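Chain by chain, the residues run as shown.
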Amino acid sequence: MRYIIVGLLGVLATGCGNKYSSFSDDVIDRKSHWTIPKPRQGQLTEQEMDMARIAWKYFENNYQESTGLVNAVNNYPSVTWWDAASYMAGMVSAYELGIIEKEEFNRRLIRILTTLNTLDLFMNELPNKAYNTQSAAKVDYGNQPGEIGYSALDLGRLLIWLHIIKHRYPEYATSIDSAVLRWNFCNVVDENGTMFGALLEKDKPVQYLQEGRLGYEEYAAKGFELWGFDTTQAAMAEPYSTINLYGYDVPYDTRDPRKLKAHSYVVTESYVLDGIELGWDLADDRSAHDYNYSNDWIAEFALQIYRVQEERYKQTGIITARTEHQLAGPPYFVYDTIYTDGFAWNTISEVGEYLPQYSAVAIKGAMGMWVLWDTEYTDLLFDHVAHLYDREKGFYEGIFENGTGLINTFTSNNNGITLEILLYKQQGKLLTYKDNVAPSLWEKALESPFGYEGQCLPRRGAFNSKLK
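I will try to describe carefully the structure that is included in this document. Just so it is clear, the model here is predicted, and its values are computed rather than measured.

### Some details on the nonpolar core
Turning to step 1, where the next piece is worked out: One finds Trp161 and Phe185 to be the most contacted residues of the largest nonpolar core, which totals 137 residues.
Turning to step 2, where the next piece is worked out: If near-sequence neighbours (up to four positions away) are discounted, Phe185 is found in contact with Leu126, Val180, Phe224, Phe229, Trp442, Gln455, Cys456 and Leu457.
Turning to step 3, where the next piece is worked out: In this structure, Leu327, Val334, Leu355 and Ala360 belong to the second largest nonpolar core, which totals six residues.

This is the structure:
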C-alpha cells in the first residue's frame, strides 16, 4: 500500500477488444454506439494559467533545499515516493508552462536526483516508504527514525516519472539511471510478474506481500514495464467483476479484503493518471498523443468510472468526483470511493471505518475528469473547484459533499496532479520520446550483467527489447 504522511494513504487490479479509434471530434464506442467525449486540448486560458501558478505555490512553500524533497503535506517534513513523484510532475509542468525558468528547474531536479543517488535504502534493497524531507533519513509514518518497508505502487509511480523526465530531458538520463541502478529488484517483482511490497513491523521479520488492486496495480505495473520488467500478472485486470450502478457496469477488484487484509477501492485517481501520463496506452507503445488507446480495457474502465459519477449527479443532484483524499485531522486520510467492501459510495478509513461525513469533491478527481472528458458535467466540476485555493498555499484538497465546507489542508499530491492535468491539456499525453537518443546507462546495464549481479535487473528479451 501507499501511504501519505500525517495519515495513511491507501491504494487500489484480459483485455477487452479495442473499442476506440481516432476521430476528428469525439471518439466513438463502436460496441454501444455512445459518443465518448474527447479530452480537452489547447493552450491554457488566463484562468487556467493562474490556477497553475497557484498550484505551484505549494511547492515553493514546502521545498527543502537541503535534500531537494518537498513535504507531502503542508509544513510537515516527511514524504512518500508517490508524493515525491507528484512533485516531479508538478516541477516538469511548472517549467513546461513557463512558471519557472530553466535555471530553477535544473537546480531543483539536480538536487532531488542527488538525494536519490545517495539516500539510504530499505535493507539495501529499495527506497523506504517514507523519508524526512529535511535530512533524507528513513522514517516511519510518525516521522520518527526507522525503516518500515517499501511500496511497489509508490515506486511504480516514481519509475513512471523518472522515465518521463529522462526522455523529455536526456541530459539527466545518466543521473536518473544511476539512482535506479542502486536498487535491488529481487523481491519487488516475481517470475510471474506479480508486484510485492515490503512490510517491516517491530520484532517481526520482513514480510513481502502482494501489493495493488484494480486500477492502481496496473498503473504501477506500467512503471516497472517502462524500465523493462515483465509485470504480466500485475498488468492483468483479473480478478475483477462489475457492479451496475445507475445503469453503468463499474469494475471492481474481487480479491477478498477479509482474507488479504487489503481493501479494494474504486476511485478516480489511478485512471486519471494513466490517461494523462500514459495516454491509456501499453508501456511499449511509443506513439504520441492520440485517441488509439492501446491499453483499451483501461480506457474503457476509466470511461465507466467517469460515466457513473456523472450519472449520480444527474439522478441525485450531488456533484461527484470521488477519489482518496487527505483530511485536516484524524483519521487524516479516507478512501472516498465509488464502490468498496460491498457498498456503493462508501467512504472509509484505512482500517475500514465508515465515515460518510468526509465524502468530498476532490480537486484532483474533478480536474482529472474535466481534462479527460469534455462535457457539460465536467464544465460544472471545473466551476465547482476552480476557485478552491489559497493564493499563498495552493489548492485545498477538496470540498465536502455535505456542505460543511473545504478540506482545510494542502498536499503535494493534489497540487502536483493539478499541474500535470493542466500540462496535459496543453500538450496531451505526457510520456514522450525523442528520436536518435544514444542508449542510456540503464539500457547498457541490461545488455551486460557485469557489475549488477544479484540485483535482478531485467534481461533484454522478447518483452523488454521494445522498451529502449
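### Focus: the pairing of strand β13 (residues 333-336)
Turning to step 1, where the next piece is worked out: The two faces of β13 match: Phe333 and Tyr335 on one face and Val334 and Asp336 on the other face are all buried.
Turning to step 2, where the next piece is worked out: Bridge analysis of strand β12 (residues 325-326) against β13 gives two bridges, and the strand direction is antiparallel. Considered in β13, the bridge of Gln326 is made with Phe333.
Turning to step 3, where the next piece is worked out: The turn linking β12 back onto β13 is made up of six residues, and Tyr332 within it adopts a positive phi angle of 70 degrees.
Turning to step 4, where the next piece is worked out: Two strands pair when backbone bridges link them, and β13 and strand β16 (residues 347-348) are joined in this way by two bridges, in the antiparallel orientation. Looking at the pairing, Asp336 lines up with Thr347 of β16.

### With respect to the packing of aromatic side chains
Turning to step 1, where the next piece is worked out: Here the structure, examined in full by the defined rule, presents 32 aromatic pairs.
Turning to step 2, where the next piece is worked out: Geometrically, the ring pair formed by Trp82 and Tyr216 is tilted, given 5.5 Å between the ring centres and 55 degrees between the ring planes. Taken as a pair, Trp82 in helix α2 (residues 81-96) and Tyr216 in helix α6 (residues 216-226) lie far apart in primary sequence, 134 residues in all.
Turning to step 3, where the next piece is worked out: Taking 6.2 Å as the distance between ring centres and 45 degrees as the angle between the ring planes, the aromatic pair formed by Tyr358 and Phe400 counts as tilted. Pair noted here: Tyr358 is in the loop between β16 and β17 (360-362) and Phe400 is in strand β20 (residues 398-400), with a separation of 42 residues, a long-range link.
Turning to step 4, where the next piece is worked out: By relative accessible area, which is 13% here, Phe400 ends up buried.
Turning to step 5, where the next piece is worked out: Following the ring pairs from residue to residue traces out a cluster consisting of Trp183, Phe185, Phe224, Trp227, Phe229 and Trp442.
Turning to step 6, where the next piece is worked out: Arg108 extends its terminal NZ or CZ atom over the ring of Tyr63, reaching a point 4.3 Å from the ring centre.
Turning to step 7, where the next piece is worked out: Sitting over the ring of Tyr433, Arg286 keeps its end group 3.7 Å from the ring centre.

### Some words on α2
Turning to step 1, where the next piece is worked out: Between its first and last C-alpha, α2 extends 22 Å over 16 residues, near the 22 Å set by a 1.5 Å rise per residue.
Turning to step 2, where the next piece is worked out: Burial within α2 is extensive, with 14 of its 16 residues counted as buried.
Turning to step 3, where the next piece is worked out: Note on α2: the residue one or two positions beyond its end, Gly98, has a positive phi of about 85 degrees.

Rules and cut-offs
- Residues numbered from 1 in each chain as written.
- Predicted model: local features only at pLDDT ≥ 70, side-chain atom pairs only at ≥ 80, totals over all residues.
- Heavy atoms only, no water.
- Core = buried A, V, L, I, M, F, W, Y, C linked by side-chain atoms within 4.5 Å.
- Buried < 20%, exposed > 50% of the residue type's maximum accessible area, 1.4 Å probe, protein only.
- Contact = heavy atoms within 4.5 Å.
- Helix = DSSP H or I, 4+ residues; strand = E, 2+ residues; numbered from the N terminus.
- Pairing = 2+ DSSP bridges.
- Phe/Tyr/Trp six-rings, centres within 6.5 Å; stacked < 30°, edge-to-face > 60°.
- Lys NZ or Arg CZ within 6 Å of the ring centre and 35° of its normal.
- Expected span 1.5 Å × (residues − 1).

Function cannot be inferred from these measures alone, as they are strictly geometric.
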